[in-house]
Structure formats: structure tokens, C-alpha cells
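# Structure at a glance
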Amino acid sequence: DEQLLESGGGLVQPGGSLRLSCEASGFTFSNSAMNWVRLAPGKGLEWVSTISGSDYSTYYADSVRGRFTISRDNSKNTLILQMNNLRADDTAIYYCVRHWGFEFWGQGTQVTVSS
Amino acid sequence: GMTQSPLSLSVTPGQPASFSCRSSQSLVSSDGVTYLSWFHQRPGQSPRRLIYQISNRDSGVPDRFSGSGSGSEFTLTISRVEAEDVGVYYCLQALPWPKTFGQGTKLEIK
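Below or above, wherever it landed, is the structure these notes cover.

Calculation notes
- Residues numbered from 1 in each chain as written.
- Chains lettered and ligands numbered in written order.
- Predicted model: local features only at pLDDT ≥ 70, side-chain atom pairs only at ≥ 80, totals over all residues.
- Heavy atoms only, no water.
- Phe/Tyr/Trp six-rings, centres within 6.5 Å; stacked < 30°, edge-to-face > 60°.
- Helix = DSSP H or I, 4+ residues; strand = E, 2+ residues; numbered from the N terminus.
- Buried < 20%, exposed > 50% of the residue type's maximum accessible area, 1.4 Å probe, protein only.
- Lys NZ or Arg CZ within 6 Å of the ring centre and 35° of its normal.
- Pairing = 2+ DSSP bridges.
- Disulfide = S-S within 2.5 Å.
- Axes fitted to C-alpha atoms, helices over the stretch in contact; angles between N-to-C directions.

Moving on to the packing of aromatic side chains. Within this structure, the stated rule accounts for 13 aromatic pairs over all chains. Relative to B:Trp97, the ring of A:Tyr59 lies with its centre 4.0 Å away and its plane at 0°, an arrangement referred to as stacked. Of this pair, A:Tyr59 sits in strand S6 (residues 58-60) while B:Trp97 is found in the loop between strand S9 (87-93) and strand S10 (100-101), placing the two residues in two different chains. Judged by its relative accessible area of 31%, B:Trp97 is partly exposed. On the basis of an interplanar angle of 65° and a centroid distance of 6.0 Å, the ring pair of B:Phe39 and B:Phe101 is categorised as edge-to-face. Of this pair, B:Phe39 sits in strand S4 (residues 36-41) while B:Phe101 is found in strand S10, placing the two residues 62 residues apart along the sequence. Take B:Phe39 and B:Phe101: they sit in the same class, and that class is buried. Three or more aromatic residues joined by ring pairs make a cluster, and in this case those are A:Tyr95, A:Phe102, A:Trp105, B:Phe39, B:Tyr90 and B:Phe101. Over the ring of A:Phe29 we find A:Arg72; its NZ or CZ atom is 4.4 Å from the centre of that ring. Over the face of the ring belonging to A:Phe27 we find A:Arg98, whose NZ or CZ atom lies 5.1 Å from the ring centre.

Time to look at the pairing of strand S8 (residues 73-78) of chain B. The alternating pattern of S8(B) places B:Phe74, B:Leu76 and B:Ile78 on a buried face and B:Glu73, B:Thr75 and B:Thr77 on a face that is not buried. Linkage of strand S7 (residues 65-70) of chain B to S8(B), two consecutive antiparallel strands, is achieved through a turn of two residues, within which B:Gly71 is found at a positive phi near 65°.

Residues and elements named next belong to chain B. Under the defined criterion, the tally for this structure stands at two disulfides over all chains. Between the sulfur atoms of Cys21 and its disulfide mate Cys91 the distance is 2.0 Å. Residues Cys21 and Cys91 share a disulfide whose torsion about the S-S bond is about 70°; that sign makes it right-handed. Taken together, the positions of Cys21 in strand S3 (residues 17-23) and Cys91 in strand S9 put the pair 70 residues apart, joining distant regions of the chain. For the pair formed by Cys21 and Cys91, the shared burial category is buried.

For the rest of this paragraph, the subject is the sheet that holds S8(B). Residues and elements named next belong to chain B. Spatially, the four strands line up as an open sheet ordered S1-S3-S8-S7, and their pairing is antiparallel. Pairing within the sheet leaves two strands with one partner each, and these edge strands are strand S1 (2-5) and S7. Each strand of the sheet is rotated relative to its neighbour by a mean of 20°, with strand direction disregarded. Note that S3 and S8 share six bridges and pair antiparallel. Within the sheet, the bridge partner assigned to Phe19 lies in S8 and is Leu76.

Laid out in C-alpha cells, this is it:
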């Protein structure tokens, strides 16, 4: 069965950094575009970033561009989100999602930015 | 952007429910496909995709769910609501960039 397992969330102070990981299994990871989507408290879903499976093209929401970096290691079936200069409004559950069309979602990892 | 309405809905089991999603621009891509999807998120769970490209149901999605629309106006319909349908429903514009969700419609079961 297909699985996406996120890790790396936690509590961090404003201005700090976190590195989220998503370990994939049950499908051909290298062929799949991968995404990060977040859900902030009291808000709706927000697309954060996408990386293609083939040429590693990357795409970012304006709210995170310049602070977050998406990457992947196809040899380890792992998706990464490096988050720098974190702000309080980055507090959210971060989901790892497979495919351009958001076909399959992981369970999410909680990120809390607070002093 | 994407505008959903209503923001909340309360429906009796067995009755229909309808969710609207409007885009500020046509979502028809250069390849002729409209990349409009619908998602359902139950409380405490991850979102699940229900419908893609306006009207195609994902595997395992009950046929009481249907999607319709074109251009910039879209609708998700549940023909007969069941208790398990509780949660928030989101539409998504997957193209053009940036990918944009609607603000969500919360469905309550009476």
C-alpha cells in the first residue's frame, strides 16, 4: 500500500529553522511530483511547494518563497522541506502530498512557531 | 482566487448537499483540460481527494458524490448525505500556478 510518513515537526522560536522529511513507499517515488501543503489553525488548506519527479523543477507559494526550500532524494524515496526564518504564521500541520493533482496525502506533522 | 459558498452547511442524513466554487479566472488550461479538484477533510484526519478534472471520481469514492461545472464555476453535489460526510470540503485550482484552494465549506450533519 502507498504510504507517506512525515517527520521533523516541532516547536521552534520565530526566526528559527526546521527540516521536514517525508518518507515514501508503495509507489515509484522518482516518477512522482511531490508537494507540501499546510493547514494553519482556524484556516483552510494552503499549497506551500511542489517539486517535479523528473527534472526537479521547484515551485513555491509567495508566502514562503526565499525562506523555504523543497528538495528530494530519489535514492532514499524521501522528500524534504527546509524551513528557515520561520514566523508565527507558519504554524500549521504540514502534509506531504503525492502527484501534481494532490492524489494521496500523508498524516501530517505539526510545526509550531512561538517564543 | 477561489471562492467557495456557502462557508457552512447543515444537512439531514438522506438529503442532498451542494457546494459551490468560483474562480476569478477561467481554469481551462492550454491543453484543454480543467484542473479543478475537490477534497474532503474529516476532523482530525488528512484530506482526501474526491474528484479531479471537474467530474472524475477517485477510486473508492461513493457514487453519491458528483462534480460538475466549466470555465470558472464548479459544483460538488452529494446526492444523499450520510453521517460520515461530515467535515470540510475544499476545491482546488491545480493549474494555472499558484495552486490555490478555496477557503472551504464546513458540512454539519443534523
